[in-house]
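A structural walkthrough
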Amino acid sequence: MEFGWNPSMWASPVPFGLGHEKPNHFRDMARTWWKNRDQLEYATRILKDGVCDGCALGTTGIHDFTLDGVHLCSIRLELLRLNTMGALEPKHLNEVDSLVELSGKDLRELGRIPFPMVRRRGDQGFTRLGWDDALDLIADRIRELDPQKLAFYLTSRGITNEVYYGAQKVARFLGTNNIDNSARVCHAPSTTALKRSIGYAASTCSYSDWIGTDLLVFFGSHVANNQPVATKYMYRAKEKGTRIVVVNSFREPAMERYWIPSIFDSALFGSKLTDEFFQVHQGGDIAFLNGVLKHLIALGTVDREFIEKHTFGFDELRVSIENQPWEDLERFSGVDRSEMLAFAEIIASARSAVFVWSMGITQHRFGVDNVQSIVNLALSGGFLGREKCGLMPIRGHSGVQGGAEVGAVPWTFPGGRAVGEDGASEMSRLWGFDVPDWRGLSAVETVHAAHRREIDVLWAIGGDYLGTLPDPEYCREALARVPLRVHQDIVLAHQMFVDPSDTVVILPATTRYEQPGGGTETATERRIYFSPEIPGPRVAEARSEWEVLVDLASRVDPERAQLLNLTDGPAVRRDIARAVPFYAGIEDLRGAGDQVQWGGPRLCEGGRTALPDGRSHFHSVQPPELNIPEGYFHLSTRRGKQFNSMVQAEVDPLTGGHRDDVFMAASDAERLGLSDGDPVTLRSDIGMVSGRCRIALMKERNLQMFWPEANPLIPRDVVEPQCGIPDFTAVVEVVAHPLSGATER
């Protein structure tokens, strides 16, 4: 614990936050040790030597490269048992009907998947299968099919760069570009907007740039929930005089004040973190930010020197914004122009600034334009390519930054090469085998193709389509129409129990700490960490995902299999370095604590970008008018005590919210005649969900519910047109008396 005494930042005079909604960190720590009491030595080695498999801050062991001291968060502790528990009893899988009604948490607590298993059409459950039989079964199917009917999907569950790279290389070896990963469902709009604006699809700065910057702004990002150690960075930034601003539709309590367990006075009295909140409509960010920029232009406080020397397209942007009426900007954003002026004056007074955003910005049908409006604002102030400045699309899951960079996406090859004739030719020369040049299917497109019976083999590494994508019943129907599904994971998930069209195979995977030869992950700040193989107990038949895929390829086409050249962990990293030039140095990582940050601490140093002309490019964006009918609300999904779709608690300790709560403004609840805890039913065009009113500091006419509980309300066909990810929002009606299905707490 770090000792200090800073009463000016205290959130409460009452010790330990008594009377406040907050996590009980020390109780959670004790609970974690109790859960892992049978493997305490192994659990300690994982925490001491492994790279965190939680969020993408990138702690190596219990330290990082931003601040000295110990960093250990509740997310990592909650995930720890997945790495230390033993195999489940096979009898649980004799009849899947008994498993369907279990929660995801209950399924995980059954234990690790022990060995390969198969379920054929008409079978009540799964039976054991040897590895050779399982892979021969799959290889025989793949050998005979059209590669365009083969698809792979990888989720973020501790997966390493080696797995992402090996999976995409095997997919291309087998003739398909149908490979996608969960990172795109979160941040594809960020990579699209950044790539076209500065030529890089990653954070331009490091976490250390937060500490001492004049201004730190969070747009649609709840780091206190998703990246708890980031609150420590915020604390140290405020000590250095940083002003923290949050732009969001919900005034998140934990962004306002947080009890940081590793800082003594914060653990006792909490810490005030955010200086100003600007509450905008969900989907109103473009209007708000364009209004702020409209003020900055009128005030003459944009950075003219930076704009003239280092950018392109500002005059077109200026004309576009000047032609956007104030009345529209106010109506679309839900914010008065005087508030926009207040934010503009904060920006104008800042000599340095870091802009951070997450899924509150990206998961809209206009997500790319949302990100673009943030980029435009940053460029107008010259907040790029210098210390304490930058653009940061903060990642919520360990390793997802590297998934796209090493090529596990349908539209680009490793290193960002576009899928097409030129890119395929280059990769074919590099790898020594023919690579397909046709555009692959995204995760959402794969579900639609499966529903049309156009996918014959679907290989899913981790994840749960039923708990992540909109309209889960439609996803269930799609999975049920795939002749062969392969689910490779460490624990059970509901998607495995969808009745087979013909055959379902389950394969046991290793955790990142069991991966032979170790593995790497790429954090938000582009730092590639090496996580060593940790000695300890093993599930005997579990195998690393990339090794299994290479084995599969050797069975599908044994004559060419040696061309893959993926023989062990170091060989995979050498191959990554060849295919992704900016990952140079990954081939030298081999011990605990080894790391390399591609691009250095900051990208675009001196204002020079990776675009051909070396300049940053502004792009004009028009604010969308959502046209929410009178009496209806705009619903967005939120995260609680969970990691990805893994719900870890029924009550969110940061808000006190239950999983079925509907967060709404007090004024909206009053108009509907609702009190806290009253049952309600939400109806959208595609479905309904029953829940409970929870009065919160929400923007009027905006609602939030936890994901994935709200997914039955989310339309499946509304996607971001420029990058193809789902819009996780919906227009809903609130019925004050439940139609059906409301439950007692």
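Everything quoted here is computed from the prediction, not taken from an experiment. Counting of residues starts from 1 at the beginning of each chain's written sequence and follows it residue by residue. Local features in a predicted model are, by the rule used here, given only for residues with pLDDT of at least 70; side-chain atom pairs are given and counted only at 80 or more, and totals for whole chains, interfaces and linings are based on all residues. As a convention, hydrogens and water are excluded, and side-chain values are obtained from all of the structure's heavy atoms.

**Describing the overall build of the protein**
- The helix count covers DSSP runs of H or I at least four residues long, the strand count covers runs of E at least two residues long, and both are numbered beginning at the N terminus. From N to C terminus, the protein includes 27 helices and 27 strands.
- It is over C-alpha atoms that the radius of gyration is taken, and the globule rule equals 2.2 Å times the number of residues to the power 0.38. Taken over C-alpha atoms, the radius of gyration comes to 25 Å for the protein, in line with the 27 Å a tight globule of 745 residues would show.
- Across its three principal axes, the protein shows a C-alpha extent of roughly 70 × 60 × 55 Å.
- Categorising residues by exposure relies on relative accessible area from a 1.4 Å probe, with only protein chains included: less than 20% of the type maximum marks a residue as buried, more than 50% marks it as exposed, and the intermediate range marks it as partly exposed. Out of the 745 residues belonging to the protein, those deemed buried represent 63%.

**Observations regarding the pairing of strand 16 (residues 519-522)**
- In strand 16, alternate side chains face the same way, and those of Gly519 and Glu521 on one face and Thr520 and Thr522 on the other are all buried.
- Here a strand pair is declared whenever DSSP counts at least two bridges between the two strands. In terms of strand pairing, strand 16 meets strand 17 (residues 527-531) through four bridges, oriented antiparallel. Each residue of the ladder has a partner; that of glutamate 521, found in strand 17, is tyrosine 529.
- Where strand 16 folds back on strand 17, the antiparallel hairpin that results is connected by four residues, among which arginine 526 adopts a positive phi of roughly 75 degrees.

**Some words on the packing of helix 21 (residues 421-431) against helix 26 (residues 569-579)**
- Interaxial distance between helix 21 and helix 26 falls to 11 Å at its minimum, and their mutual angle equals 140 degrees. Considering their axes alone, helix 21 and helix 26 lie oblique with respect to each other. The handedness of the crossing between helix 21 and helix 26 comes out as right-handed. Contacts between helix 21 and helix 26 pair Met427, Leu430 and Trp431 from the former with Asp575, Arg578 and Ala579 from the latter. With axes taken as lines fitted to C-alpha atoms, and helix axes fitted only over the stretch in contact, angles between N-to-C directions fall between 0 and 180 degrees. Each angle receives one of four descriptions, namely roughly parallel if under 35 degrees, roughly antiparallel if over 145, roughly perpendicular if within 65 to 115, and oblique otherwise. Working rule for handedness: look at the near helix, and if it is turned counterclockwise from the far one by less than a right angle, call the crossing left-handed; if clockwise, right-handed. Here a residue-residue contact requires only that any non-hydrogen atoms of the pair lie within 4.5 Å.

**A few points about a nonpolar patch on the surface**
- On the surface, a nonpolar cluster with roughly 300 Å² of combined accessible area is contributed by Val14, Phe16 and Leu18.
- Examined against the element boundaries, phenylalanine 16 turns out to sit in the segment before helix 1 (25-35).
- With relative accessibility at 48%, the residue phenylalanine 16 sits in the partly exposed group. What goes into a patch is any residue over 30% in relative accessible area without a salt bridge, connected to like charges within 9 Å or, for nonpolar side chains (Val, Leu, Ile, Met, Phe, Trp, Tyr), within 5 Å. Here the accessible surface of atoms and residues is derived via Shrake-Rupley with a 1.4 Å probe, and residues count as covered only by protein chains that are part of the display. By definition, a salt bridge exists where a carboxyl oxygen of Asp or Glu is found within 4 Å of a side-chain nitrogen of Lys or Arg.

**Quick notes on the sheet that holds strand 16**
- Read across the open sheet, the three strands follow the order 16-17-18; overall the sheet is antiparallel. This sheet does not close on itself; its edge strands, each paired only once, are strand 16 and strand 18 (595-597). Averaged over neighbouring strand pairs, the angle between their axes works out to 20 degrees when direction is ignored.

**What to know about the packing of helix 22 (residues 443-451) against helix 24 (residues 472-479)**
- With their axes 7 Å apart at the nearest point, helix 22 and helix 24 run at an angle of 60 degrees to one another. It follows from the interaxial angle that helix 22 and helix 24 lie oblique. Between helix 22 and helix 24 the crossing geometry is left-handed. On helix 24, the residues that touch Val447, His448, Ala450 and His451 of helix 22 are Tyr474, Cys475, Glu477 and Ala478.
- Nonpolar residues are Ala, Val, Leu, Ile, Met, Phe, Trp, Tyr, Cys and Pro. Charged residues are Asp, Glu, Lys and Arg, and all others, Gly as well, are polar. Residues that form the contact of helix 22 with helix 24 fall into these classes: five nonpolar, two polar and one charged.

**Thoughts on the side chain of asparagine 711**
- Secondary-structure assignment places asparagine 711 in the loop between strand 26 (702-706) and strand 27 (729-735).
- Its relative accessible area of 0% is what places asparagine 711 among the buried residues.
- Contacts of asparagine 711, omitting those with residues within four sequence positions, involve Gly467, Thr468, Leu469, Pro470, Asp471, Pro472, Thr637 and Phe728.

**A look at helix 2 (residues 40-49)**
- Residues Tyr42, Ala43, Ile46 and Leu47 constitute the buried set of helix 2. Angularly, the buried residues of helix 2 cover 135 degrees about the axis, an arc narrow enough to put them on a single face. In helix 2, those exposed residues whose orientation departs by more than 90 degrees from the buried face are Glu41 and Lys48. To be clear, the arc concerns the directions from the helix axis to the C-beta atoms.

**Regarding the sheet that holds strand 25 (residues 688-695)**
- Spatially, 20-26-23-25-24-27 is the arrangement adopted by the six strands of the closed barrel, whose pairing is mixed. Taking the axes of each pair of neighbouring strands and ignoring which way they run, one obtains an average angle of 45 degrees across the sheet.
- Pairing of strand 20 (residues 632-638) with strand 27 involves five bridges; the strand directions are antiparallel. Across the sheet, leucine 635 pairs through a bridge with alanine 730, a residue of strand 27.

**Looking at the pattern of salt bridges**
- With the rule as written, the count across this model stands at 48 salt bridges.
- Put simply, glutamate 276 and arginine 243 hold a salt bridge, and the shortest N to O gap is 3.0 Å. In this pair, glutamate 276 is assigned in strand 9 (residues 276-279) and arginine 243 in strand 6 (residues 243-248), connecting sequence segments 33 residues apart.
- The class for glutamate 276 is partly exposed, based on a relative accessible area of 22%.
- By relative accessible area, arginine 243 is classed as partly exposed at 32%.
- With a closest N to O distance of 3.7 Å, glutamate 327 and arginine 337 form a salt bridge.

**What to know about the packing of aromatic side chains**
- Working definition: rings of Phe, Tyr and Trp (its six-membered ring) pair if their centres are within 6.5 Å, and the pair is stacked with planes under 30 degrees apart, edge-to-face with planes over 60 apart, and tilted otherwise. In this structure the tally under the stated criterion is 26 aromatic pairs.
- Residues phenylalanine 278 and phenylalanine 288 carry aromatic rings whose centres are separated by 5.9 Å and whose planes lie at 40 degrees to one another, so their mutual orientation is tilted. Taken as a pair, phenylalanine 278 in strand 9 and phenylalanine 288 in helix 13 (residues 285-299) lie far apart in primary sequence, 10 residues in all. For the pair phenylalanine 278 and phenylalanine 288, one class covers both residues: buried.
- Aromatic ring contacts, followed pair by pair, group Phe219, Phe278, Phe288, Phe343, Phe355 and Phe383 into a single cluster.
- Distance and angle both matter: a charge sits over a ring if NZ of Lys or CZ of Arg is within 6 Å of the ring centre and within 35 degrees of the ring normal. Sitting above the plane of the tryptophan 598 ring, arginine 526 keeps its charged end 5.5 Å from the centroid.

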